[in-house]
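Letter by letter, the chains look like this.
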Amino acid sequence: MKAVVQRAVDASVVVENESIGSIDCGLVVLLGVTHEDTEEDARYLAKKIPYLRIFEDEDGKMNRSLVDIGGRMLSISQFTLYGDCRKGRRPNFMQAAKPAEAEELYISFNDMVVYEGVEVETGEFGAMMNVQLTNSGPVTLIIDSKER
């Protein structure tokens, strides 16, 4: 699994002109799933992301986690993270998991993050979504569950 993690002042997701999720201070996570991913990959990311020390403490140092600040997460399914752009100009998405498999792991990831004590807002799996965020910092990280 690949996750693009962005520290946000605020964020929201809209589907068909309707806001379906929003957060104030927290993290926006774009999550991609590939064929080889398992529950263990979801668990790894769910135990890693909420505890990343990327929020500032009282001294202005990135020393606090999402859990520490009581922040929320906006989780968005993002199959295009597995787009291969090496050949030609049209990305190849063959490395993205089939929708049913991806959705199952996406839901598992979100449930595991909730179990860690973080409130999670989500987009709509498979829908065309408009995601808006105010990136704080900016702080943006890419985490791959296969690169541990």
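Structure first, text after, so check above.
What comes next is a walk through the structure.

Rules used throughout
- Residues numbered from 1 in each chain as written.
- Predicted model: local features only at pLDDT ≥ 70, side-chain atom pairs only at ≥ 80, totals over all residues.
- Heavy atoms only, no water.
- Helix = DSSP H or I, 4+ residues; strand = E, 2+ residues; numbered from the N terminus.
- Buried < 20%, exposed > 50% of the residue type's maximum accessible area, 1.4 Å probe, protein only.
- Contact = heavy atoms within 4.5 Å.
- Areas by Shrake-Rupley, 256 points an atom, 1.4 Å probe, with all protein chains shown as cover.
- Core = buried A, V, L, I, M, F, W, Y, C linked by side-chain atoms within 4.5 Å.
- Phe/Tyr/Trp six-rings, centres within 6.5 Å; stacked < 30°, edge-to-face > 60°.

Focus: the overall build of the protein chain
Okay, so step 1: Within the protein chain, the secondary structure is distributed over 3 helices and 8 strands.
Okay, so step 2: Traced from its N-terminal end to its C-terminal end, the protein chain shows the element sequence β-β-β-α-β-β-α-β-α-β-β.
Okay, so step 3: Its C-alpha atoms give the protein chain principal-axis dimensions of about 45 × 40 × 30 Å.
Okay, so step 4: Taking all 148 residues of the protein chain together, 42% fall into the buried category.
Okay, so step 5: Across the protein chain, every contact between residues at least 6 apart in sequence was considered, and the portion connecting residues at least 24 apart equals 74%.
Okay, so step 6: Carbon and sulfur atoms make up 48% of the accessible area of the protein chain, which totals about 8600 Å².

Some remarks on the nonpolar core
Okay, so step 1: Among the nonpolar cores identified, the biggest contains 28 residues, and Val-5, Leu-45, Ile-49, Met-73 and Phe-109 are the most heavily contacted of them.
Okay, so step 2: Put simply, the parts of the chain that give this core at least two residues each are strand E1 (2-15), strand E3 (26-32), helix H1 (39-48), helix H3 (99-115) and strand E8 (130-144).
Okay, so step 3: Per-element tally for this core: the top contributor is H3, with 6 residues.
Okay, so step 4: Discounting residues that sit within four places of it in the chain, Val-5 has contacts with Leu-27, Val-28, Val-29, Ile-49, Leu-52, Ile-54, Val-139, Thr-140, Leu-141 and Ile-143.

Remarks on the packing of aromatic side chains
Okay, so step 1: Applying the stated criterion across every chain yields a total of 2 aromatic pairs.
Okay, so step 2: Ring geometry for Phe-79 against Phe-93: centres 5.1 Å apart, planes inclined by 65 degrees, an arrangement best described as edge-to-face. Of this pair, Phe-79 sits in the loop between strand E6 (72-77) and H3 while Phe-93 is found in the loop between E6 and H3, placing the two residues 14 residues apart along the sequence.
Okay, so step 3: A relative accessible area of 49% places Phe-79 in the partly exposed class.
Okay, so step 4: Looking at Phe-93, the relative accessible area reads 32%, which means it is partly exposed.
Okay, so step 5: Taking 6.1 Å as the distance between ring centres and 40 degrees as the angle between the ring planes, the aromatic pair formed by Tyr-106 and Phe-125 counts as tilted. Placement of Tyr-106 in helix H3 and of Phe-125 in the loop between strand E7 (120-122) and E8 is noted, with a sequence separation of 19 residues between them.
Okay, so step 6: You can call Tyr-106 buried: its relative accessible area is 4%.
Okay, so step 7: Using a relative accessible area of 23% as the deciding quantity, one classes Phe-125 as partly exposed.

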